[in-house]
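Here is how the chains run, residue by residue.
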Amino acid sequence: MKNFLLPVLLTLTFFSCTNSENKTTVTSENQVDAARNFIRAALDGKWNDAQKFMLPDSTNLQVLDNLKRNWENQMNADDKRGYRDASINLYDTRNVADTIVIVNYSNSYKKERDSVRVVRINQQWLVDLKYSFPQTDTSHHAQ
């Protein structure tokens, strides 16, 4: 009986250890879910997680990097805690096209309404930060 139990216990121990270290990947089922997942990760300061819910182009990556640096270098601990503890308030959505939706939201910490654009690419809904943080073209100012 002891010879039987030892392999079973070792197997159970192995699987319990490996399962506890594996993190499940959160996916977005629809456009609102994608916005909520992105916003939650950003409020929590989980920038790698936020990036998974974002359209991965150079402009979006730059905006996300700026948000991350601001969070890490300029935000005080009380504000970080306030954002982490905040809930997301979704107000409405506006369909711009079949593959583009604007989600209006706020968080319970700052209570300022904001919006984020979510686009569908390759059957996946992703946040496009260029809508919320438009880039300024300064090339026409140069003479």
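In what follows, the structure referred to is the one given above.
The structure contained in this document is the topic of the report that follows. (Residues numbered from 1 in each chain as written. Predicted model: local features only at pLDDT ≥ 70, side-chain atom pairs only at ≥ 80, totals over all residues. Heavy atoms only, no water.)

This brings us to the overall build of the protein chain. Counting secondary structure elements, the protein chain contains five helices and four strands. Counting helices and strands in the order they occur from the N terminus, the protein chain gives α-α-α-α-α-β-β-β-β. In the protein chain, which comprises 143 residues, the share counted as buried stands at 27%. Intrachain contacts of the protein chain at a sequence separation of at least 6 include 45% that bridge at least 24 residues. As presented, the protein chain carries roughly 10,100 Å² of accessible surface, and 49% of it is formed by carbon and sulfur atoms. (Helix = DSSP H or I, 4+ residues; strand = E, 2+ residues; numbered from the N terminus. Buried < 20%, exposed > 50% of the residue type's maximum accessible area, 1.4 Å probe, protein only. Contact = heavy atoms within 4.5 Å. Areas by Shrake-Rupley, 256 points an atom, 1.4 Å probe, with all protein chains shown as cover.)

What follows deals with the sheet that holds strand S1 (residues 88-97). Note: strands within a sheet are paired through backbone hydrogen bonds, in either parallel or antiparallel orientation. In space, the four strands of this open sheet follow the order S1-S2-S3-S4, with antiparallel pairing throughout. Every interior strand has two partners, whereas the edge strands, S1 and strand S4 (124-128), have only one. The sheet shows a mean angle of 30° between the axes of neighbouring strands, taken without regard to direction. Summarising the sheet, S1 and strand S2 (residues 100-107) pair through eight bridges and their orientation is antiparallel. (Pairing = 2+ DSSP bridges. Axes fitted to C-alpha atoms, helices over the stretch in contact; angles between N-to-C directions.)

Moving on, we come to the pairing of strand S3 (residues 114-121). Here six bridges tie S2 to S3, and the two strands are oriented antiparallel to one another. Considered in S3, the bridge of Val103 is made with Val116. Counted between consecutive antiparallel strands, the loop separating S2 from S3 contains six residues, among which Lys111 sits at a positive phi close to 60°. As defined by bridge partners, S3 adjoins S4 across five bridges and the pair is classed as antiparallel. In the sheet register, Arg120 faces S4, and the bridge partner there is Trp125. Between the antiparallel neighbours S3 and S4 lie two residues, among them Asn122 with a positive phi of about 55°.

Time to look at the environment of Ser132. Relative to the helices and strands, Ser132 is located in the segment after S4. Residue Ser132 is classed as partly exposed on the basis of its relative accessible area of 23%. As for Ser132 and Arg117, which are separated by 15 residues in sequence, their C-alpha atoms are 7.3 Å apart. Excluding residues that lie within four positions of it along the chain, Ser132 makes contacts with Ser115 and Val116.

Let us look at unusual backbone geometry. Its identity as a non-glycine residue notwithstanding, Lys111 has a phi of 60°, on the positive side. Here Lys111 shows up in the loop between S2 and S3. Of note in this structure, Asn122 is not a glycine but carries a positive phi near 55°. Secondary-structure assignment places Asn122 in the loop between S3 and S4.

Across soluble globular proteins, you tend to see nonpolar side chains buried next to one another. Residues Phe38, Ile39, Leu64, Val116, Val118 and Leu129 are the most contacted members of the largest nonpolar core, which totals 24 residues. Those elements giving two or more residues to this core turn out to be helix H2 (31-43), helix H3 (47-52), helix H4 (58-73), S2, S3 and S4. Take this core: its biggest share by element is seven residues, from H2. The residues contacting Ile39, other than those within four sequence positions of it, are Ile88, Tyr105 and Val116. (Core = buried A, V, L, I, M, F, W, Y, C linked by side-chain atoms within 4.5 Å.)

These figures come from the coordinates and say nothing about function on their own.
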